[in-house]
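Residue-level listing of the chains:
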Amino acid sequence: MKGQTSDGELAVLRREFSELAGLQAAGCITYTLRKHADALYIAAQKNGLPARECIFPGQDAAQAELLLCFLYENAVSPQQINDVIRDLYPGLR
């Protein structure tokens, strides 16, 4: 689901996790797509820790938004977003 956006933010998705005794702590990952200057950036932040951010390869905001949904739906951790994007877009430097 899309959240509220501020200046430069094109989309925000928040993934909530429930406490599952012995299996998972409660928490939240926020995925953000934003535009700054001539670049699109995707960021993921878990439980208020510093966000991990990377540049989206290209200028297609619709494609970047699909990628944001993919990250959200697969609950990709912030530590993994750069690797996932490189796997999906091998030409990325």
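Everything that follows concerns the structure shown earlier in this document.
The text that follows walks through the structure, step by step, so that each part is easy to find.

Reading the values: the criteria
Residues numbered from 1 in each chain as written. Predicted model: local features only at pLDDT ≥ 70, side-chain atom pairs only at ≥ 80, totals over all residues. Heavy atoms only, no water. Helix = DSSP H or I, 4+ residues; strand = E, 2+ residues; numbered from the N terminus. Contact = heavy atoms within 4.5 Å. Pairing = 2+ DSSP bridges. Axes fitted to C-alpha atoms, helices over the stretch in contact; angles between N-to-C directions. Buried < 20%, exposed > 50% of the residue type's maximum accessible area, 1.4 Å probe, protein only. Salt bridge = Lys/Arg side-chain N within 4 Å of Asp/Glu carboxyl O. Core = buried A, V, L, I, M, F, W, Y, C linked by side-chain atoms within 4.5 Å. Phe/Tyr/Trp six-rings, centres within 6.5 Å; stacked < 30°, edge-to-face > 60°.

A few points about the environment of Phe17
Then step 1. Mapped onto the elements of the fold, Phe17 is located in strand E1 (residues 9–17).
Then step 2. Through-space distance from the C-alpha of Phe17 to that of Cys28 is 5.9 Å; in sequence the pair is 11 residues apart.
Then step 3. Residues within four places of Phe17 in sequence aside, it is in contact with Gln24, Ala25, Ala26, Gly27, Cys28, Ile29 and Ala75.

Quick word on the sheet that holds E1
Then step 1. Across the sheet, which stays open at both edges, the 4 strands sit in the order E1-E2-E3-E4 with antiparallel pairing between neighbours. The two strands at the open ends of the sheet, each matched to only one other strand, are E1 and strand E4 (52–56). Between one strand axis and the next, the sheet turns by 15° as a mean value, whatever way the strands run.
Then step 2. The pairing of strand E3 (residues 39–46) with E4 spans 5 bridges and is antiparallel. Paired with Ile42 across the strands is Cys54, a residue of E4.

Thoughts on the side chain of Thr32
Then step 1. Of note, Thr32 is situated in strand E2 (residues 27–36).
Then step 2. A relative accessible area of 13% means that Thr32 is categorised as buried.
Then step 3. Among residues more than four places away in sequence, those in contact with Thr32 are Glu9, Ala11, Val12, Tyr41, Ile42, Ala43 and Leu68.

Description of the pattern of salt bridges
Then step 1. On inspection of all chains with the given rule, the structure shows 3 salt bridges.
Then step 2. Glu16 is the partner of Arg14 in a salt bridge, and the nearest nitrogen-oxygen pair spans 2.9 Å.
Then step 3. When the shortest N-O distance is used, the salt bridge between Asp83 and Arg86 registers 4.0 Å. You can see Asp83 and its partner Arg86 sitting in helix H2 (residues 81–88), 3 residues apart, about one turn around the helix.
Then step 4. For Asp83, a relative accessible area of 46% puts it in the partly exposed group.

Focus on the nonpolar core
Then step 1. Counting 20 residues, the largest nonpolar core has Tyr31, Leu33, Ile42, Phe56, Leu67, Leu68 and Leu71 as the members making the most contacts within it.
Then step 2. Sorting the residues of this core by element identifies E1, E2, E3, E4, helix H1 (61–73) and H2 as the ones contributing at least two each.
Then step 3. Here this core takes 5 residues from H1, the largest share from any one element.
Then step 4. With sequence-adjacent residues up to four places away left out, Leu33 is seen in contact with Gly8, Glu9, Leu10, Ala11, Leu40, Tyr41, Ile42, Ala61, Ala64, Glu65 and Leu68.

Structural notes on the packing of aromatic side chains
Then step 1. Across all of its chains, the model carries 2 aromatic pairs by this definition.
Then step 2. Relative to Tyr72, the ring of Tyr31 has its centre 6.3 Å away and its plane inclined at 90°; by these criteria the two rings are edge-to-face. You can see Tyr31 sitting in strand E2 and its partner Tyr72 sitting in helix H1, a full 41 residues away along the chain.
Then step 3. Ring centres 5.4 Å apart and planes at 75° place the aromatic pair Phe56 and Tyr89 in the edge-to-face group. Of this pair, Phe56 sits in strand E4 while Tyr89 is found in the segment after H2, placing the two residues 33 residues apart along the sequence.

Any link to function would need more than the numbers given here.
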